[in-house]
Amino acid sequence: MSLDIGGRLRQLRMARNLSQRALAKRVGVTNSTISLIESNAANPSVGALKRILDGLPIGMAEFFAFEPEQSRQVFYAAEDLVEIGKGAISYRQVGDNLFGRSLQILKECYQPGADTGKVPLVHEGEEGGIVLCGRLEVTVGDERRILGPGDCYYFESRRPHRFRCVGPVPCEVISACTPPTF
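Since the structure is predicted, the reported quantities are computational estimates derived from the model, not experimental observations.

1. Side note on the sheet that holds strand 7 (residues 152-156)
Item 1. Across the sheet, which stays open at both edges, the six strands sit in the order 1-2-3-9-4-7 with antiparallel pairing between neighbours. Lying at the two open borders of the sheet, with one neighbouring strand each, are strand 1 (82-83) and strand 7.
Item 2. Note: strand 3 (residues 104-110) against strand 9 (residues 171-178), seven bridges, orientation antiparallel. Looking at the pairing, I105 lines up with A176 of strand 9.

2. Let's talk about the pattern of salt bridges
Item 1. Applying the stated criterion across every chain, the model contains eight salt bridges.
Item 2. Two residues, R164 and E137, come together in a salt bridge whose shortest N-O distance is 3.0 Å. Taken together, the residues span a long stretch of sequence, with R164 in strand 8 (residues 161-166) and E137 in strand 5 (residues 135-140) at a distance of 27 residues.
Item 3. Residue R164 is classed as partly exposed on the basis of its relative accessible area of 28%.
Item 4. Here the salt bridges do not stand alone but share partners, grouping E124, E156 and R158 into one network.

3. Some words on the packing of helix 2 (residues 20-27) against helix 3 (residues 31-38)
Item 1. Where helix 2 contacts helix 3, the axes come no closer than 8 Å and their chain directions differ by 115 degrees. Of the two elements, helix 2 crosses helix 3, and the hand of that crossing is right-handed. Residues Q20, R21, L23 and A24 of helix 2 form the contact with helix 3, whose own contacting residues are N31, I34, S35 and E38.
Item 2. Partitioning the contact of helix 2 with helix 3 into residue classes produces three nonpolar, three polar and two charged.

Parameters and conventions
- Residues numbered from 1 in each chain as written.
- Predicted model: local features only at pLDDT ≥ 70, side-chain atom pairs only at ≥ 80, totals over all residues.
- Heavy atoms only, no water.
- Pairing = 2+ DSSP bridges.
- Helix = DSSP H or I, 4+ residues; strand = E, 2+ residues; numbered from the N terminus.
- Salt bridge = Lys/Arg side-chain N within 4 Å of Asp/Glu carboxyl O.
- Buried < 20%, exposed > 50% of the residue type's maximum accessible area, 1.4 Å probe, protein only.
- Axes fitted to C-alpha atoms, helices over the stretch in contact; angles between N-to-C directions.
- Left-handed = near helix turned anticlockwise from the far one by under 90°.
- Contact = heavy atoms within 4.5 Å.
- Nonpolar A, V, L, I, M, F, W, Y, C, P; charged D, E, K, R; others polar.

Encoded structure:
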């Protein structure tokens, strides 16, 4: 029997409106550690899992008894998208429950100057996106490009990456990543 520890952790974290970064800071680990666990690319030790669960807070017994319902919804209206971002970057997710799902789809909006941070993001999986409007600077490893409407990106997420809105208008992107990482 295979247990989706990462999916459970992601659902419980999201139910508490915590980002991976916020949970990581709370429990004293890197956000990439949380990302790797949530994508089932790393299995935490019992001690590490307990420390992470203490940050939610939830006990081990309750964690393993938790059985989130798998979403079977097929269609979503614009107002059904779930905001999972904060501040100058909006991440509106298709579906509120990604437990058991292997794909995450987002409508992203970066305000002028918004940036995912000076420390590049790194996690398992793949991601891609299409710029709808505005200009987005995408850095993947040593490569950097400014993308405009209709331009796209697609890469392995274990390569360090960063996104930044350049120009005077917000940038909107439709993106997808597998496995879900937020």
